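Remarks on the overall topology
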Amino acid sequence: MARVLIVDDSPTETHKLTTILEKNGHAVLTATNGENGVDVAREERPDVILMDIVMPGLNGFQATRQLSKNDQTSGIPVVIVTTKDQDTDRVWGMRQGARAYLTKPVDESKLLVTIEEVLA
């Protein structure tokens, strides 16, 4: 199964996503903000990254852009997982390099299918 990096400043959201992923056989890494997420992605090279948008410091859009522009991490698919559900947010997220965009609360089956799709 996949090694998944969750980048989210909410302990509750991180716990929910971790529970879903581990129950389905995935290994989980976590980061609590965009800067830390970029660092963990460079060091650990996860198979996929679940990225929140609204975080202190480096937000998810900025972190996604950094990851997609860096040779070391540009091949790692980023899935944005956020409460921001406006079309403009979705378009902007994809323009930063995200491969998929999900809104919270995330449906378990939709999350798992999305991870499979971006890894295919």
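Please refer to the structure higher up on the page.
Definitions and cut-offs
- Residues numbered from 1 in each chain as written.
- Predicted model: local features only at pLDDT ≥ 70, side-chain atom pairs only at ≥ 80, totals over all residues.
- Heavy atoms only, no water.
- Helix = DSSP H or I, 4+ residues; strand = E, 2+ residues; numbered from the N terminus.
- Expected span 1.5 Å × (residues − 1).
- Buried < 20%, exposed > 50% of the residue type's maximum accessible area, 1.4 Å probe, protein only.
- Arc of directions from axis to C-beta.
- Contact = heavy atoms within 4.5 Å.
- Axes fitted to C-alpha atoms, helices over the stretch in contact; angles between N-to-C directions.
- Parallel < 35°, antiparallel > 145°, perpendicular 65-115°, else oblique.
- Left-handed = near helix turned anticlockwise from the far one by under 90°.
- Salt bridge = Lys/Arg side-chain N within 4 Å of Asp/Glu carboxyl O.
- Nonpolar A, V, L, I, M, F, W, Y, C, P; charged D, E, K, R; others polar.

What follows is about helix 1 (residues 11-23). Taking 1.5 Å per residue as the helical rise, helix 1 with its 13 residues ought to reach 18 Å, and the 18 Å between its terminal C-alpha atoms agrees with that figure. By the burial criterion, the buried members of helix 1 are Glu13, Thr14, Leu17, Thr18, Ile20 and Leu21. End-on, the buried residues of helix 1 take up no more than an arc of 165 degrees, which puts them together on one face. The exposed set on the far side of helix 1, more than 90 degrees from its buried face, consists of Pro11, Thr12, His15 and Lys23. As for helix 1, its buried residues are in contact with strand 1 (3-7), strand 2 (27-31), strand 3 (48-51) and helix 5 (108-119).

This paragraph deals with the packing of helix 1 against helix 5. Relative to each other, helix 1 and helix 5 sit at 65 degrees, their axes nearing to 11 Å. For the element pair helix 1 / helix 5, the angle class is roughly perpendicular. As for the relative orientation of helix 1 and helix 5, their crossing is right-handed in sense. Facing helix 1, whose interface residues are Leu17, Ile20, Leu21 and Lys23, helix 5 presents Glu108, Leu111, Leu112 and Ile115.

Okay, the pattern of salt bridges next. According to the stated counting rule, one finds six salt bridges in the structure shown. Where glutamate 13 meets lysine 16, a salt bridge forms, and the shortest distance between an N and an O atom there is 3.6 Å. With glutamate 13 and lysine 16 both in helix 1 and three residues apart, this pair spans about one turn of that helix. Between lysine 104 and aspartate 52 there is a salt bridge whose closest N-O contact spans 3.3 Å. Of this pair, lysine 104 sits in the loop between strand 5 (100-103) and helix 5 while aspartate 52 is found in the loop between strand 3 and helix 3 (60-69), placing the two residues 52 residues apart along the sequence. We note that lysine 104, like aspartate 52, is buried. Several salt bridges share partner residues, and in doing so they unite Asp8, Asp52 and Lys104 into one network.

Right, let's get into the packing of helix 2 (residues 34-44) against helix 3. The N-to-C vectors of helix 2 and helix 3 enclose an angle of 25 degrees; their axes lie 9 Å apart at closest approach. The orientation of helix 2 relative to helix 3 falls into the category roughly parallel. Between helix 2 and helix 3 lies a crossing of right-handed hand. Facing Gly34, Val38, Ala41 and Arg42 of helix 2, the residues of helix 3 in contact are Ala63, Gln66 and Leu67. Partitioning the contact of helix 2 with helix 3 into residue classes produces four nonpolar, two polar and one charged.

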